[in-house]
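Report on the structure
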Amino acid sequence: MYAISLGEDGAELRPLEPWQAEEFLTHMDRGREFIGRYIPLADAASDLESARAFLQGYADKAAADAGRIYGIWTDGKLVGGVLFRTMDVNQRTAEAGCWLEPSAVGKGLVTRACRVIIDWAVEERGIHRVEWIAAAANEGSIAVARRLGMTKDGVLRESYLRRGEWQDREIWSVLAPEWRAARKPS
């Protein structure tokens with residue numbers, strides 16, 4: 001397996017695969033309530049069978065070139081991840097997302113990891129538009145979109161029912177020419 005360094009702190013980005021379901025579930029258990037505030041991932045991986053099925057779904061997406069999932073490890077421990085929830089290479093669009101357990105928040109891990117996967121999507125897969133959809137109340141996720149240089153496209157009012165409450169969702173995006181321009185050294 002390969003790992004991509006996320007910087008001097010030793011953090012790594014690696015593919016997250018079905019054989020890692022037990023580690024993934026342990027990670028989810030550590031951060032379940034925190035992660036589940038805004039996204040359904042914590043509910044989708046509630047036991048070993050569902051964790052394996054969730055990761056297998058992304059293995060199937062990867063095989064179909066329709067999505068990807070990567071874990072973020074610090075000190076050998078899975079603490080979060082980034083993904084392309086959807087990826088349509090024919091339309092050249094993808095939706096990126098993320099999650100972290102509380103111990104990993106505030107270290108720039110998601111921003112660094114997203115830079116890696118967006119670079120790959122734009123430069124290797126020819127993706128033109130990368131979207132970021134976040135609950136309007138999820139300040140951390142919106143801050144990542146800003147740090148990635150994304151533009152707020154709009155708000156979908158009460159468009160998502162999460163744990164019995166309607167959430168507004170913000171849509172952010174970056175286009176390939178914008179991404180490339182922002183990544184060029186000054």
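Overview of the structure.

Cut-offs used in this document
Residues numbered from 1 in each chain as written. Predicted model: local features only at pLDDT ≥ 70, side-chain atom pairs only at ≥ 80, totals over all residues. Heavy atoms only, no water. Axes fitted to C-alpha atoms, helices over the stretch in contact; angles between N-to-C directions. Helix = DSSP H or I, 4+ residues; strand = E, 2+ residues; numbered from the N terminus. Parallel < 35°, antiparallel > 145°, perpendicular 65-115°, else oblique. Left-handed = near helix turned anticlockwise from the far one by under 90°. Contact = heavy atoms within 4.5 Å. Nonpolar A, V, L, I, M, F, W, Y, C, P; charged D, E, K, R; others polar. 1 Å grid on protein atoms, 1.4 Å probe; cavity = no way out; pocket = protein on both sides within 12 Å on 5 of 7 lines; lining within 4 Å. Points joined across faces, edges and corners; volume = space filled by probe spheres on them.

Take the packing of helix H1 (residues 21-36) against helix H3 (residues 48-63) next. Where H1 contacts H3, the two axes come as close as 9 Å, and the packing angle between them is 110 degrees. As judged from the angle between their axes, H1 and H3 are roughly perpendicular. As for the relative orientation of H1 and H3, their crossing is right-handed in sense. Where H1 abuts H3, its residues Ala 21, Glu 22, Phe 24 and Leu 25 lie against Leu 48, Ala 51, Arg 52, Phe 54 and Leu 55. Here the residues of the contact of H1 with H3 sort into 7 nonpolar, no polar and 2 charged.

In this structure, the largest pocket spans a volume of roughly 930 Å³. Ile 39, Cys 98, Trp 99, Asn 138 and Ser 141 are the residues nearest the centre of the largest pocket, which is lined by 41 residues in total. Considered class by class, the residues forming the lining of the largest pocket number 26 nonpolar, 8 polar and 7 charged.

Turning our attention to unusual backbone geometry. If you check the backbone angles, Asp 75 has positive phi at about 50 degrees while not being a glycine. Assignment of secondary structure puts Asp 75 in the loop between strand E3 (68-74) and strand E4 (77-88). In this structure, Arg 92 is a non-glycine residue whose phi angle is positive, near 65 degrees. Positionally, Arg 92 belongs in the loop between E4 and strand E5 (93-100).

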